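Listed here are the chains, written in short residue letters.
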Amino acid sequence: QVQLVESGGGLVQAGGSLRLSCAASRHTFSSEAMGWFRQTPGKERELVAAISSTGLGKYYADSVKGRFTISRDNVKKTVYLQMSSLKLEDTAVYYCAAATGYYLPREVKDFGSWGQGTQVTVSS
């Protein structure tokens, strides 16, 4: 299991940018696929972006494609989510998650380790 801690959330105006970070504590980080999920009241947790263990493979939800960028640094054991052109509908709690044995997992059940989440609020 990978222990994860998110940071970087906060308040931002629509059209602005924000970068989220997720720090891991185990050497196994470099063999784990990573994902960013988000959740709002009344909605299911949804995958925003995912990245393979080496960083060669990436996935983005249609709603954020072209605006968000996922990246990772396996030396620092950190995964990032750069969010630009933020919209009101991007407001949510964002969670970092890690998966073992998958190239680019997309299902919540495939991610075995989760962070506590960080709030992102986009204002008009």
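Residues numbered from 1 in each chain as written. Predicted model: local features only at pLDDT ≥ 70, side-chain atom pairs only at ≥ 80, totals over all residues. Heavy atoms only, no water.

A. Main features of the state of the cysteines. Throughout the structure, instances matching the rule amount to one disulfide. Covalent S-S linkage joins Cys 22 and Cys 96, the inter-sulfur distance amounting to 2.1 Å. Disulfide Cys 22-Cys 96: torsion about the S-S bond near -85°, hence left-handed. Of this pair, Cys 22 sits in strand β3 (residues 18-24) while Cys 96 sits in strand β9 (residues 92-99), and the two are 74 residues apart along the sequence. Neither residue differs from the other here; Cys 22 and Cys 96 are each classed as buried. (Disulfide = S-S within 2.5 Å. Helix = DSSP H or I, 4+ residues; strand = E, 2+ residues; numbered from the N terminus. Buried < 20%, exposed > 50% of the residue type's maximum accessible area, 1.4 Å probe, protein only.)

B. Structural detail: the packing of aromatic side chains. Taken as a whole and judged by the stated rule, the model has three aromatic pairs. Judged by centre distance (4.8 Å) and plane angle (50°), the ring pair of Phe 37 and Trp 114 falls under tilted. With Phe 37 in strand β4 (residues 33-39) and Trp 114 in strand β10 (residues 113-114), the pair connects residues that are 77 residues apart, well separated along the chain. Residue Phe 37 is classed as buried on the basis of its relative accessible area of 1%. (Phe/Tyr/Trp six-rings, centres within 6.5 Å; stacked < 30°, edge-to-face > 60°.)

C. Main features of the side chain of Ser 52. Structurally, the position occupied by Ser 52 is in the loop between β5 (46-51) and β6 (58-60). Within the local environment of Ser 52, its side chain forms a polar contact with the backbone nitrogen of Gly 57, the two atoms lying 2.9 Å apart. Setting aside residues no more than four positions away along its own chain, Ser 52 makes contact with Glu 32, Ala 33, Gly 57, Arg 72, Tyr 103 and Leu 104. (Polar contact = N/O pair within 3.5 Å; in protein donor to acceptor, adjacent residues only side chain to side chain. Contact = heavy atoms within 4.5 Å.)

D. Representation of unusual backbone geometry in the model. Phi at Lys 77 takes a positive value of approximately 55°, unusual for a residue other than glycine. Relative to the assigned elements, Lys 77 resides in the loop between β7 (68-73) and β8 (78-83). Of note, Ser 85 is a non-glycine position whose phi angle comes to about 50°, a positive value. Relative to the helices and strands, Ser 85 resides in the loop between β8 and β9.

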